[in-house]
There are 2 protein chains.
Amino acid sequence: MSLTPFADQDATGRRVLSAALRLFVEKGYFNTSVADIVRASGVSTGAIYHRFGDKQHLAETLLDSLMRGIENQFATLLTGDSDPLTRIRALIRLMLQQAEADPQMVTFILYARHREFLPEHPPICALRPFELMRDLVTEAQRASLLPDLDPLVLSAQVFGPTLRLIQARIDGVLPRPLPDYEADLLRALDYLMQEGDRNHAAAAMA
Amino acid sequence: MSLTPFADQDATGRRVLSAALRLFVEKGYFNTSVADIVRASGVSTGAIYHRFGDKQHLAETLLDSLMRGIENQFATLLTGDSDPLTRIRALIRLMLQQAEADPQMVTFILYARHREFLPEHPPICALRPFELMRDLVTEAQRASLLPDLDPLVLSAQVFGPTLRLIQARIDGVLPRPLPDYEADLLRALDYLMQEGDRNHAAAAMA
DNA sequence: GTCTATACGTGGATAGAC
DNA sequence: GTCTATCCACGTATAGAC
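Quick caveat, the model's predicted, so the values are computed rather than measured. (Residues numbered from 1 in each chain as written. Chains lettered and ligands numbered in written order. Predicted model: local features only at pLDDT ≥ 70, side-chain atom pairs only at ≥ 80, totals over all residues. Heavy atoms only, no water.)

Caption draft 1: Summary view of helix 2 (residues 34-41) of chain B. All names here are of chain B. Every buried residue of helix 2 is accounted for by Val 34, Asp 36, Ile 37, Val 38 and Ser 41. Residues of helix 2 that are buried make contact with helix 1 (11-27), helix 3 (45-52) and helix 4 (55-78). Two residues or fewer past helix 2, Gly 42 is found with a positive phi of approximately 75°. (Buried < 20%, exposed > 50% of the residue type's maximum accessible area, 1.4 Å probe, protein only. Helix = DSSP H or I, 4+ residues; strand = E, 2+ residues; numbered from the N terminus. Contact = heavy atoms within 4.5 Å.)

Written out as structure tokens, the structure reads:
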């Protein structure tokens, strides 16, 4: 579990990566020059190139480091042996808190066009954290806690609204902090779950 | 109602904009040079600069022209006097069809980081089409057809899953064409609506 | 209105000293 | 391992002919 960002980097690496993160989010990857990163981080051009090879590799390291952090957070949260619905609720809560607490990270992860500067990188939703989300939904579904829909639709149904709200917040069209909407999001989720219950009951009767 | 893309442009404009759209989606705005657009469109550098001023303004024209097309489509669909839920269903259907039929357009609209190259442009979800989506939800809510949640949460709940599936399709993680998922998406929506019914009944009883 | 050739600035990357 | 000065390629935008 790592609350410190870039826990897998040393002091210099952290300074560079956090400066790069800020600049990439504020101005975009292509509008940020290495010189900008040098200024913002206080680390010299030479040191940056020595460490990261080139600008693209720097961005890749940044993304990987952030993803590792998220993966750890998710893992800690999901190792508990609570039932899948409780874990889904906890995950939604975590996503809202995280997006409000560290919008830069979340923006860069969810919202930057990585393919444009990292053509080889797989899309975010093909990576572990998103995979975990889908697994969680499938598990709940197998326990008849959620309705019998296509798993991909169901994942979209369970986590889509939260992700949309996060995007809305990032775009500046949500007036209040994200956790304020948690209760309503979870209520909507409950309706889906109740539907799971009804299916369950119907199946038992047949 | 305009099915022809760039209906508001003449022949030259259309050639340039459709080439630019394809390149921007494939390689990204910053990885596309004006020379690339010249090659792909067969229109000369001079003509392009004469018409569009500069590369940024070209991108802006492209985005605006596409948004106008969508706005028209939405408008035709929403002028009918059918009840709001029918219109919501029709809108979801349209979005799925459109995203499957013209993924380039949808990718550029929903998924490109416009702020990086059009810093002055308002975020997509602040524009008319998204506004119409929110209005539609509020209307259904006032008629007690949807549960009494925060309107922004409810919009996310109604359209979020569809938008997530579209993104998944664009990222290549959906195996089947989008309209194949329509039925399941609408079923999930029905659960929300039923909840609206129950609230409605409860309110009537009190 | 359209074309080609070109100027100019920017920025990624490196060389070579320390 | 770190720094600074510098090189060179690329791409936007324009000048000026047709």
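Still more to cover.
Caption draft 2: Main features of the side chain of A:Glu116. You can see A:Glu116 is positioned in helix 7 (residues 114-117). Buried within the structure, A:Glu116 lacks any salt-bridge partner; A:Arg113 is the closest side chain of opposite charge, at an N-O distance of 5.2 Å. With near-sequence residues (within four places) excluded, A:Glu116 lies in contact with A:Phe30, B:Lys27, B:Gly28, B:Tyr29 and B:Asn31. (Lys, Arg positive; Asp, Glu negative; His and termini not counted. Salt bridge = Lys/Arg side-chain N within 4 Å of Asp/Glu carboxyl O.)

Caption draft 3: Inspection of the protein's contact with DNA strand C at higher detail. In the vicinity of DNA strand C, the contacting residues are A:Thr32, A:Ser33, A:Val34, A:Thr45, A:Tyr49, A:Asp54, A:Lys55, B:Ser44, B:Thr45, B:Gly46, B:Ala47 and B:His50. When atoms of DNA strand C within 4 Å of the protein are sorted by moiety, sugar and phosphate together comprise 58%. Take A:Val34: an N or O atom from its main chain is 2.7 Å from a phosphate oxygen of DNA strand C. Within the contact set of DNA strand C, a phosphate oxygen lies 2.3 Å away from a side-chain nitrogen or oxygen of B:Ser44. Mapped by element, the contributors of at least two residues to the surface near DNA strand C are helix 3 (45-52) of chain A together with helix 3 of chain B. (Near = heavy atom within 4 Å. Polar contact = N/O pair within 3.5 Å; in protein donor to acceptor, adjacent residues only side chain to side chain.)

Caption draft 4: Examining the packing of helix 4 (residues 55-78) of chain A against helix 5 (residues 84-101) of chain A more closely. Residue and element names in this part refer to chain A. At their nearest, the axes of helix 4 and helix 5 sit 10 Å apart, and the two run at 150° to each other. With respect to the hand of their crossing, helix 4 and helix 5 are arranged in right-handed fashion. Between helix 4 and helix 5, the contacting residues are Gln 73, Phe 74, Leu 77 and Leu 78 on the first element and Arg 87, Ala 90, Leu 91, Leu 94 and Gln 98 on the second. Taken together, the residues that form the contact of helix 4 with helix 5 break down as six nonpolar, two polar and one charged. (Axes fitted to C-alpha atoms, helices over the stretch in contact; angles between N-to-C directions. Left-handed = near helix turned anticlockwise from the far one by under 90°. Nonpolar A, V, L, I, M, F, W, Y, C, P; charged D, E, K, R; others polar.)

Caption draft 5: Molecular detail of the pattern of salt bridges. All names here are of chain A. Evaluated as defined, the whole model comprises 22 salt bridges over all chains. With a closest N to O distance of 3.0 Å, Arg 87 and Glu 139 form a salt bridge. Note that Arg 87 is positioned in helix 5 and Glu 139 in helix 8 (residues 128-142), a separation of 52 residues in sequence. Here Glu 139 falls in the partly exposed class, since its relative accessible area comes to 32%. Salt bridges linked by common partners bring Lys 27, Asp 36 and Arg 39 together as one network.

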